[in-house]
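Commentary on secondary and tertiary structure
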Amino acid sequence: MISRLTKENEGLQAIITEHNGISREYDQLSKLLQQSYKIKQYPGNDGSLQSAAALQAVMATEKAIAEQAYEKFLKPLLQLADANKNQPAKMTAGDKEKLMDLLLSLSFLYIEYLYLRVSELAVGGTIVERLKALSNGQQLNEERLRKLNRESGSRALVLRLGLDHAGIQQLSYPVFEETNLNKG
């Protein structure tokens, strides 16, 4: 009986040791993720989410943003590049313009995305709400965008002037902070 109980105790101790190891690894991973992502700023996190639920919400947002970036910008960019790879010098002006639009739009999406990810950047405007809408599969609501104010300085104004210099009027992704970078 003692031998059987000793073996059973050893088995239970092994299970406890394994559980403690897994628990430590989860805690370390959770801490690393919370340092890497500004979890409190992510869409859907009103502060009431427990650690596991908050991490799941972050991963859902990350997935939605990656899918949005791929479907709306990267996939068409790759299709355009593939369509012109045999004769790149003969690419039409329209294809060149679309290529530039997709590259810049993807970069602007990533700039906004970094506002969530980089701890030194402050989340401002409606970035969180827009990313929440994207994570729910909704399209960008351009009616909620503030029109660009050319009288006062802003990062968006600098970007708009740079786009003007490059002759770029409209972008597929017109947003930086709360400003509409598209002319019109």
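What counts as what
- All residue numbers refer to position in the chain's written sequence, counted from 1.
- Side-chain atom pairs in this predicted model are given and counted only at pLDDT of 80 or more, local residue features only at pLDDT of at least 70, and totals for whole chains, interfaces and linings cover all residues.
- Hydrogens and water are ignored here; the side-chain numbers use all heavy atoms of the structure.
- Labels follow the DSSP assignment, with helices taken as runs of H or I lasting at least four residues and strands as runs of E lasting at least two, numbered in each case from the N terminus.
- In this scheme, a helix's expected span is set at 1.5 Å multiplied by one less than its residue total.
- Note that the bend at a residue is defined as the angle between axes fitted to the seven residues ending at it and the seven residues starting at it.
- Here a salt bridge means any side-chain nitrogen of Lys or Arg lying within 4 Å of a carboxyl oxygen belonging to Asp or Glu.
- Cavities and pockets were defined on a 1 Å grid built over protein atoms only: a cavity is a set of grid points that admits a 1.4 Å probe from which the probe cannot escape, a pocket is an open set flanked by protein on both sides within 12 Å along at least five of seven lines, and lining residues are those with an atom within 4 Å of any such point.
- Grid points are joined across faces, edges and corners, and a volume is the space filled by probe spheres set on the points.
- For this classification, Asp, Glu, Lys and Arg are treated as charged, while Ala, Val, Leu, Ile, Met, Phe, Trp, Tyr, Cys and Pro are nonpolar and the rest, including Gly, are polar.
- Buried, partly exposed and exposed residues are distinguished by accessible area as a fraction of the type maximum, computed with a 1.4 Å probe on protein chains only: under 20%, between the cut-offs, and over 50%, respectively.
- Between two residues, a contact is recorded if the distance between any of their heavy atoms is within 4.5 Å.
- What counts as a ring pair is set by centres within 6.5 Å for rings of Phe, Tyr and Trp (its six-membered ring), and what kind of pair is set by the plane angle: stacked under 30 degrees, edge-to-face over 60, tilted for all other angles.
- Arc, as used here, means the arc of the directions from the helix axis to the C-beta atoms.

1. Here's the deal with helix α2 (residues 51-84)
Taking 1.5 Å per residue as the helical rise, α2 with its 34 residues ought to reach 50 Å, and the 47 Å between its terminal C-alpha atoms agrees with that figure. For α2, the principal kink sits at Y70 and spans about 45°.

2. Focus on the pattern of salt bridges
Counted by the stated rule, this structure contains 5 salt bridges. Measuring nitrogen to oxygen at the nearest pair gives 2.4 Å for the salt bridge that ties K63 to E67. Taken together, the residues K63 and E67, both in helix α2 and 4 residues apart, mark about one turn of the helix. Note that D164 and R160 form a salt bridge whose closest N and O atoms lie 3.0 Å from each other.

3. Looking at the layout of surface pockets
One way to see where empty space is left: roll a probe the size of a water molecule over the atoms. In this structure, the largest pocket occupies an estimated 170 Å³ of space. G94, K96, E97, K98, M100, D101, G167, I168, Q169 and Q170 are the residues that line the largest pocket. Of the residues in the lining of the largest pocket, the class split is 2 nonpolar, 4 polar and 4 charged.

4. Remarks on the side chain of S30
Its place among the elements puts S30 in helix α1 (residues 2-36). Judged by relative accessible area, which is 7%, S30 ranks as buried. Ignoring sequence-local partners within four residues, the contact set of S30 consists of S51 and L55.

5. Description of the packing of aromatic side chains
Applying the stated rule across the entire model yields 1 aromatic pair. An angle of 90° between the planes, with centres 6.0 Å apart, marks the rings of F73 and Y173 as edge-to-face. Here F73 is found in helix α2, whereas its partner Y173 is found in the loop between α5 (155-165) and β2 (175-176), with 100 residues between them in sequence. F73 gets classed as buried once you look at its relative accessible area, which sits at 0%.

6. Digging into empty space enclosed by the protein
Scanning the model with the defined rule gives 1 cavity of 30 Å³ or more in all. Approximately 30 Å³ is the volume found for the largest cavity. What lines the largest cavity is simply Q68, K72, L134, Q139, L140 and Y173. Among the residues forming the lining of the largest cavity, the class breakdown is 3 nonpolar, 2 polar and 1 charged.

7. Side note on α5
Within α5, the full set of buried residues consists of A156, L157, R160 and L163. Down the axis of α5, the smallest arc covering the buried residues is 120°, so these residues share one side. Every exposed residue of α5 that faces more than 90 degrees away from the buried side is listed here: R155, V158 and H165. Looking one or two places after α5, you find G167, whose phi comes out positive at around 75°.

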